[in-house]
Amino acid sequence: MTLTEDIRSTIVPEWEGFEKILSAALASRSNLLNKINSYLLDTSGKQLRPLLALVTAKACSGSINQKAIACAAVSELIHTATLLHDDVVDGSDYRRGKLTVRRLFSSGASLLLGDYWLTKAIHLLISYGCPYEVLGAYSKAIEELAEGEIIQMELADSLSATEEDYMQVIRRKTASLFIASVKGPAIVSGASGEVVSSMEQYACWLGCSFQIRDDILDYRPTSETGKDSDSDIMERKITMPLLCAMRNAPPEEEQRIRRRMHDITCDPAKVGQDREVAAEIREFVLEHGGLESAATVLRDYVYKAQGCLSVLAPSRSRDNLMAVAGYVGGI
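What comes next is a walk through the structure. Since this is a predicted model, take the numbers as computed values, not measurements. (Residues numbered from 1 in each chain as written. Predicted model: local features only at pLDDT ≥ 70, side-chain atom pairs only at ≥ 80, totals over all residues. Heavy atoms only, no water.)

A short note on the packing of aromatic side chains
Aromatic ring pairs are defined here through the distance separating the ring centres and the angle between the ring planes. We apply this condition: Working definition: a ring pair exists when centres of Phe, Tyr or Trp rings (six-membered ring for Trp) sit within 6.5 Å. Plane angles under 30 degrees give stacked, over 60 give edge-to-face, the rest tilted. For a lysine, the NZ atom is tested; for an arginine, the CZ atom; a charge sits over a ring if that atom is within 6 Å of the ring centre and within 35 degrees of the ring normal.
A complete count under the given rule lists three aromatic pairs for this structure. Of note, Arg 49 hangs over the ring of Phe 210, and the distance from its end group to the ring centre comes to 5.5 Å. A cation over an aromatic ring shows up here: Arg 213 above the ring of Tyr 327, its NZ or CZ 5.0 Å from the ring centre.

Listed below in C-alpha cells is the structure:
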C-alpha cells in the first residue's frame, strides 16, 4: 500500500464525499463535456492536494465537515484546470503516461475545459457558503499560478534566473495552490489564527519542496521517473539543480553554461541539436554536484515544513501530514 492509499484509509467516508462532490460539480448537459470529464477523472494522479485538504481539516479539529470536503474538490478542480492549460502552452501529448486532452481532442477543448473547471471551483466555494477568507485564498492561488508561469516564461527568454528568481516562481506556480488547499480547510474547521498561519507556512515549504523534488527528478533517467529526462533544460528552465551546480562551479563555467542555454532553440525541427546541448548541461550539473546540493536544499525545506506542525495536537492526522512531507523529501 502506498503512502497516499494508507492515508486515504483513515478518511474513507470523507474521501468518498470528495469524489461525489467533484463528480456532481462537473455534470453537464453536453455529452462531449461529460466524456472528457470522465476521461480526466479516470486518469487523475495521486490527488495530493485534496488529500492534504481533508487531512488538514481532521488534524485541526478532529473531524471533516462538508465545507472542508468542498475545499478538497476545489483544490482538485483548480489543479486539473492548470494542467489542461499547461498542456496547451507546452504542446504536451502525454501526461502521466496517458494522452492529454489537447492531443485526444484539441487545444481549444483543453483550454475551454480548463476554464470550465476553474469556474466550477469558484461556484463550489460559493454554493457551500465558504467564508470570504477562503475565497480569497483560492482566488489568490489562481492569480499567482498564472503570474508564476508568466515570470517563468520571461526568465526562459532572458536565461538570467537567480535562486531568488527561481524561488519566486515556484512559490507562485506550485506552492500557492498547496497553501490554499491547506489554509481553506483549516479556516472552515475553526482553527485559531495561530494554527492557520502555521499551516499556511507548512504548505508553503511543502509546495516548494514538491517542486524542487520534481526538478531533481528531471535529471534522473526516464526509466526511473516515467517522464522524459532533461525536459526542463529543453524548455530553457533554470531550476534548482542547475542553479546549485552553477553556484558550485567557477564563475567562468557558470557564464559558459548560461551561454550554452541560449543555444537551445525550442524549435521542433532542431530537437536533435537541442538534445545535444541539454546532454552537455546535464553533465555539467552532475559533475558539479547540482543534484546533491539541490537535495540538501530540499531536505532543509522538508524539515521546516514538518516543524510548522508542532502547533497541532498529536494525532494520526498530524502524523500523516508529517509523513507527506517526509515522502516529498525522500527522493
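And the narrative resumes.
A word on the packing of helix 2 (residues 12-26) against helix 7 (residues 107-127)
In a packed pair of helices, the relevant descriptors are the angle between the two axes and the axis-to-axis distance. Operational definition: Orientation is described by axes fitted as lines to C-alpha atoms, over the contacting stretch for helices, and by angles from 0 to 180 degrees between their N-to-C directions. Here a strand is any run of E in DSSP of at least two residues, a helix any run of H or I of at least four, and the numbering for each starts at the N terminus. For classification, angles of less than 35 degrees are called roughly parallel, those exceeding 145 degrees roughly antiparallel, those between 65 and 115 degrees roughly perpendicular, and all remaining angles oblique. For any pair of crossing helices, the crossing counts as left-handed if the nearer helix is rotated counterclockwise from the farther one by less than a right angle, and right-handed if it is rotated clockwise. We call two residues in contact when some of their heavy atoms are within 4.5 Å. Classes in brief: Ala, Val, Leu, Ile, Met, Phe, Trp, Tyr, Cys and Pro nonpolar; Asp, Glu, Lys and Arg charged; the others, Gly included, polar.
Where helix 2 meets helix 7, the closest approach of the two axes is 10 Å, and the angle between their N-to-C directions is 120°. The angle between helix 2 and helix 7 places the two elements in the oblique class. Between helix 2 and helix 7 the crossing geometry is right-handed. Along the contact surface, helix 2 presents Ile 21, Ala 25 and Leu 26, while helix 7 presents Tyr 116, Trp 117, Lys 120 and Leu 124. Residue composition of the contact of helix 2 with helix 7, by class: six nonpolar, no polar and one charged.

Looking at the packing of helix 14 (residues 251-261) against helix 15 (residues 271-287)
At a minimum axis distance of 10 Å, the contact between helix 14 and helix 15 shows a crossing angle of 155°. With respect to each other, helix 14 and helix 15 are oriented roughly antiparallel. Between helix 14 and helix 15 lies a crossing of left-handed hand. Of the residues in helix 15, those touching helix 14 at Glu 253, Arg 256, Ile 257, Arg 260 and Met 261 are Val 277, Glu 280, Ile 281 and Phe 284. Taken together, the residues of the contact of helix 14 with helix 15 sort by class into five nonpolar, no polar and four charged.

What about the nonpolar core?
As a reminder of what qualifies: Buried Ala, Val, Leu, Ile, Met, Phe, Trp, Tyr and Cys residues form a nonpolar core when they are joined through side-chain atoms within 4.5 Å. Only protein chains enter the accessibility calculation, which uses a 1.4 Å probe; a residue is then buried when its area is under 20% of its type maximum, exposed when over 50%, and partly exposed in between.
Counting 108 residues, the largest nonpolar core has Leu 52, Tyr 138, Met 199, Tyr 202, Ile 212, Leu 242 and Leu 321 as the members making the most contacts within it. No other element matches the 13 residues that helix 9 (residues 163-188) contributes to this core. Excluding residues within four positions of it along the chain, Tyr 202 makes contact with Leu 52, Ala 305, Cys 308, Leu 309, Leu 321, Val 324 and Ala 325.

Regarding the pattern of salt bridges
Pairing is possible between side chains that carry opposite charge, provided their charged atoms lie close to one another. The cut-off we apply is this: A pairing counts as a salt bridge when a side-chain nitrogen of Lys or Arg comes within 4 Å of a carboxyl oxygen of Asp or Glu.
For the coordinates displayed, the defined rule picks out 16 salt bridges. Glu 163 serves as the salt-bridge partner of Arg 247, at 3.0 Å between the closest nitrogen and oxygen. In this pair, Arg 247 sits in helix 13 (residues 240-248) while Glu 163 sits in helix 9, placing the two residues 84 residues apart along the sequence. Glu 163 gets classed as partly exposed once you look at its relative accessible area, which sits at 26%. We note a salt bridge from Glu 200 to Lys 183, for which the minimum N-O separation is 3.6 Å.

A look at helix 2
Our working rule: Every helix has an expected span of 1.5 Å times one less than the residues it contains. This arc is taken over the directions from the axis of the helix to the C-beta atoms.
Taking 1.5 Å of rise per residue, the 15 residues of helix 2 would be expected to cover 21 Å, and the 22 Å separating its terminal C-alpha atoms lies within 8% of that figure. If you check which residues of helix 2 are buried, you get Glu 14, Trp 15, Gly 17, Phe 18, Ile 21, Leu 22, Ala 25 and Leu 26. Down the axis of helix 2, the sector holding all buried residues measures 155°, keeping them to one side. Seen from the open side of helix 2, the exposed residues pointing more than 90 degrees away from its buried face are Pro 13, Lys 20 and Ala 24.

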